[in-house]
Amino acid sequence: EADIYQTPRYLVIGTGKKITLECSQTMGHDKMYWYQQDPGMELHLIHYSYGVNSTEKGDLSSESTVSRIRTEHFPLTLESARPSHTSQYLCASSEPDRVEQYFGPGTRLTVT
Amino acid sequence: DAKTTQPTSMDCAEGRAANLPCNHSTISGNEYVYWYRQIHSQGPQYIIHGLKNNETNEMASLIITEDRKSSTLILPHATLRDTAVYYCIVRRGYGGSQGNLIFGKGTKLSVKP
């Protein structure tokens with residue numbers, strides 16, 4: 001059973017606030033990912049990481065940033081939240097040489 | 001990467017087999033077929049993958065045609081909890097950005113009592 005956690009599960013916040021979405025996994029996976037998904041729409045990859053100190057931009061441009069200081073932790077930060085950032089954010093991880101990804105439960109972000 | 005085509009939606013009666021088709025006519029020799037599903041806004045769940053041979057696991061079976069241009073995911077005895085969006089994804093091998101998944105619109109499977 002995959003062990004990947006995201007907090008908070010739901011977040012309602014005002015415009016201009018700085019927020020950090022947490023993602024952690026206990027599987028020792030090197031590769032981690034962040035996806036963004038609007039309701040009823042497709043998932044889009046916004047960031048990924050091959051391992052510690054590695055971060056890459058995904059297919060969809062995002063104003064968010066990520067960091068990877070520890071293998072198990074891959075937080076996503078929005079410096080100044082805007083209503084256009086309202087979406088669900090999903091974190092995933094995988095072994096470096098495998099394509100199968102394990103997803104967390106997601107964070108549903110609403111910016112008012 | 002090969003593009004996939006899936007029906008937008010399908011219905012299936014509870015207890016019957018659900019057969020979800022996927023066309024990937026431009027697939028190349030080293031590309032795998034992956035299936036994931038997403039149950040109502042939860043994170044997607046890996047189901048199965050294959051290269052050219054048929055595959056079976058505890059969740060489903062994957063049938064890939066001999067020319068590899070299409071495949072079918074089979075849920076042998078669908079339950080209400082199998083209602084989800086099913087994604088067929090074709091990716092080139094392992095590692096690097098080639099291991100990143102590209103999710104399309106998928107097929108919305110509705111299992112009805």
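Residues numbered from 1 in each chain as written. Chains lettered and ligands numbered in written order. Predicted model: local features only at pLDDT ≥ 70, side-chain atom pairs only at ≥ 80, totals over all residues. Heavy atoms only, no water.

1. A look at the overall build of chain B
For chain B, the count of helices and strands is 0 helices and 9 strands. Across chain B, helices and strands are ordered from the amino to the carboxyl terminus as β-β-β-β-β-β-β-β-β. In terms of overall dimensions, chain B is globule-like: its C-alpha atoms have a radius of gyration of 13 Å, near the 13 Å expected for 113 residues. Across the 113 residues in chain B, those meeting the buried criterion constitute 46%. Taking the contacts inside chain B whose residues are at least 6 apart along the sequence as the reference set, 57% of them involve residues at least 24 apart. Averaging the positions of the 12 positive and the 9 negative side-chain charges in chain B gives two centres separated by 6 Å. (Helix = DSSP H or I, 4+ residues; strand = E, 2+ residues; numbered from the N terminus. Rg over C-alpha atoms; globule rule 2.2 N^0.38 Å. Buried < 20%, exposed > 50% of the residue type's maximum accessible area, 1.4 Å probe, protein only. Contact = heavy atoms within 4.5 Å. Lys, Arg positive; Asp, Glu negative; His and termini not counted. Charge placed at Lys NZ, Arg CZ, Asp CG, Glu CD.)

2. Some points on the state of the cysteines
Here a disulfide denotes one covalent bond, and it connects the sulfur atoms of two cysteines. Using the criterion set out here, one finds 2 disulfides over all chains in the structure. Here A:Cys23 pairs with A:Cys91 through a disulfide, and the sulfurs are 1.8 Å apart. On the sign convention where negative is left-handed, the bridge of A:Cys23 and A:Cys91, at about -75° about the S-S bond, is left-handed. With a gap of 68 residues between them, A:Cys23 in strand S3 (residues 19-25) and A:Cys91 in strand S9 (residues 87-94) connect regions that are remote in the sequence. Side by side, A:Cys23 and A:Cys91 carry an identical accessibility label, which is buried. A disulfide bridge connects B:Cys22 with B:Cys88, and the sulfur atoms are separated by 2.1 Å. A torsion of -80° about the S-S bond marks the disulfide between B:Cys22 and B:Cys88 as left-handed. Highlighted residues: B:Cys22 in strand S2 (residues 18-23) and B:Cys88 in strand S8 (residues 84-92), separated in sequence by 66 residues. The exposure classification of B:Cys22 matches that of B:Cys88, with both residues buried. Not engaged in a disulfide, the cysteine B:Cys12 finds its nearest cysteine sulfur in B:Cys22; these two sulfurs lie 18 Å apart. (Disulfide = S-S within 2.5 Å.)

Purely geometric stuff here, so don't read any function into it on its own.
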